[in-house]
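In case you want the letters, here they are:
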Amino acid sequence: MLVILRKTYEDLSREAARLVADRLRRKPNLVLGLATGSTPLGLYKALIEKHKKEGLDFSKVTTFNLDEYIGLPPSHDQSYRYFMRESFFKHVNLDPRYTHVPDGMAHDVEAQCEWYEQRIREVGGIDLQILGIGANGHLAFNEPGSSLGSRTRIKTLTERTVRDNARFFANADEVPRYAITMGIGTIMEARELLILASGEGKANAVKAAVEGPITATCPASICQMHRRAYFIIDEAARSKLTEVPIEEVTGREYAAPGFQSLWLGERSEPGEERRAHPHRG
Ligand code: F6R
């Protein structure tokens, strides 16, 4: 696991975009796992910019989103399919046929979940999974207490998540109570994980995930077991970390033994602050 500290949300988003762009340039038919929520919006914006200005090509990319509310059609402005279309898909040259979001309107939810897992297998697995983290440590809709080996399935949202998400709906009563979500086991099979966290509201969750015990009480803590999990967090989100000494590292050190996979192919700009801590190998 590697914790990369960046000063602001904008820096964090730029750093994440550099990593995604690097992976995409190395493998044009990348299988990319995507997340919704506020956190990855800056990353999507930065990727759109790279597409427009640098010609970053998504034409061969396949995407799988983590989750979708049950009961919201793709046309609903709070459905995750709608969110992805508006904030990312329609701004880059992704082939819509290669974009996957669980179908929240499926009559047979169980069959839908099995199909999702099968599609991921058919394309050879997810190369890079982008994740946000809930204030309660959830990953996708795998709320505290979720089985660490779980697969794609239906989950009931906790009251806390309903409350957190209510800001996007007219009131808490309108927030769906169920969702289809990739399981923690599904997420852990991705070859690389990129977990983004920004703001003080995430500081406790980041602390539990990075420095706490591995426990279903904080599903994100399972990332400690992943061989290529990168947390990119800003100063506010790191504010509760006590065990992680912060080291200044340059772009060159990203390529240090053990971290070759994180080499982004770009040197830091002169004077650009770049800090990271290789944590727990
Ligand atoms: C989104 C998802 C959620 C969010 C998490 C953080 O697809 O699965 O787990 O990543 O709730 O949300 P934000 O980024 O809005 O704080």
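Residues numbered from 1 in each chain as written. Predicted model: local features only at pLDDT ≥ 70, side-chain atom pairs only at ≥ 80, totals over all residues. Heavy atoms only, no water.

1. Observations regarding the overall build of the protein chain
- Across its full length, the protein chain carries 8 helices and 12 strands.
- Looking at the protein chain as a whole, 56% of its 281 residues are labelled buried.
- Contacts spanning at least 24 positions in sequence make up 79% of the contacts within the protein chain whose residues lie at least 6 apart.
- Split by element, the accessible area of the protein chain, about 12300 Å² in all, is 52% carbon and sulfur. (Helix = DSSP H or I, 4+ residues; strand = E, 2+ residues; numbered from the N terminus. Buried < 20%, exposed > 50% of the residue type's maximum accessible area, 1.4 Å probe, protein only. Contact = heavy atoms within 4.5 Å. Areas by Shrake-Rupley, 256 points an atom, 1.4 Å probe, with all protein chains shown as cover.)

2. Details of the environment of Leu 47
- With respect to the helices, strands and loops of the structure, Leu 47 is situated in helix 2 (residues 41–54).
- With 11 residues separating them along the chain, Leu 47 and Phe 58 place their C-alpha atoms 10.0 Å apart.
- In this structure Leu 47 touches Ala 17, Val 20, Ala 21, Leu 56, Phe 58 and Phe 88, once residues within four positions along its chain are discounted.

3. Brief notes about the pattern of salt bridges
- All told, the structure shown has 17 salt bridges when counted by the stated rule.
- With a closest N to O distance of 2.8 Å, Arg 14 and Asp 11 form a salt bridge. Taken together, the residues span about one helical turn, with Arg 14 and Asp 11 both in helix 1 (residues 9–26) at a distance of 3 residues.
- With relative accessibility at 46%, the residue Arg 14 sits in the partly exposed group.
- Relative accessible area serves as the criterion here: at 16%, Asp 11 is assigned to the buried category.
- One continuous salt-bridge network, built from bridges that share partners, spans Asp 22, Arg 23, Arg 26 and Glu 192. (Salt bridge = Lys/Arg side-chain N within 4 Å of Asp/Glu carboxyl O.)

4. As for the pairing of strand 1 (residues 2–6)
- Counted residue by residue, strand 1 has 5 buried out of 5 residues, so it is predominantly covered.
- In strand 1, alternate side chains face the same way, and those of Leu 2, Ile 4 and Arg 6 on one face and Val 3 and Leu 5 on the other are all buried.
- Relative to strand 10 (residues 229–234), strand 1 runs parallel, the two sharing 5 bridges. The residue of strand 10 that forms the bridge with Leu 5 is Ile 233. (Pairing = 2+ DSSP bridges.)

5. Topic: the nonpolar core
- Core analysis: the largest hydrophobic core is formed by 42 residues, its most contacted members being Leu 43, Phe 58, Phe 88 and Leu 194.
- Residue contributions to this core peak at 7 residues, all from helix 1. (Core = buried A, V, L, I, M, F, W, Y, C linked by side-chain atoms within 4.5 Å.)

6. What to know about the site of the ligand
- Not every one of the 13 residues close to the ligand is listed here, only the nearest: Ser 38, Thr 39, Asp 67, His 138 and Lys 202.
- Within the side chain of Thr 36, a nitrogen or oxygen atom sits 2.9 Å from an oxygen atom of the ligand.
- With respect to the ligand, the side chain of Lys 202 contributes an N or O atom lying 2.6 Å from an oxygen atom.
- Look at the ligand: alone it shows 410 Å² of surface, and the protein chains cover 91% of it.
- Taken together, the residues of the shell around the ligand sort by class into 4 nonpolar, 6 polar and 3 charged. (Near = heavy atom within 4 Å. Polar contact = N/O pair within 3.5 Å; in protein donor to acceptor, adjacent residues only side chain to side chain. Nonpolar A, V, L, I, M, F, W, Y, C, P; charged D, E, K, R; others polar.)

7. Some thoughts on unusual backbone geometry
- The phi dihedral of Ala 140 falls on the positive side, at around 50°, and the residue is not glycine.
- Examined against the element boundaries, Ala 140 turns out to sit in the loop between strand 6 (128–131) and strand 7 (153–156).

8. A few points about the state of the cysteines
- Scanning the entire structure with this criterion turns up 0 disulfides.
- Distance from the sulfur of Cys 223, which forms no disulfide, to the nearest cysteine sulfur (Cys 218) is 8.6 Å. (Disulfide = S-S within 2.5 Å.)

9. Some details on the sheet that holds strand 4 (residues 67–69)
- If you walk across this open sheet you meet the 3 strands as 4-8-7, and the pairing is antiparallel. Of all the strands in the sheet, the pair left with one neighbour each is strand 4 and strand 7. Looking at each pair of strands side by side, their axes are set apart by 30° on average, direction ignored.
- Looking at chain direction, strand 7 and strand 8 (residues 178–181) are connected through 4 bridges and run antiparallel. Across the sheet, residue Arg 153 finds its bridge partner in strand 8, namely Thr 181. (Axes fitted to C-alpha atoms, helices over the stretch in contact; angles between N-to-C directions.)

10. Regarding the pairing of strand 3 (residues 62–65)
- Alternating positions in strand 3 separate into two faces, Thr 62 and Phe 64 on one and Thr 63 and Asn 65 on the other, with burial throughout.
- Note that strand 2 (residues 31–34) and strand 3 share 4 bridges and pair parallel. Note on strand 3: the bridge partner recorded for Gly 33 is Phe 64.
- Crossover handedness for the path strand 2 to helix 2 to strand 3: right-handed. (Right-handed = clockwise from strand over helix to strand, strands pointing away.)

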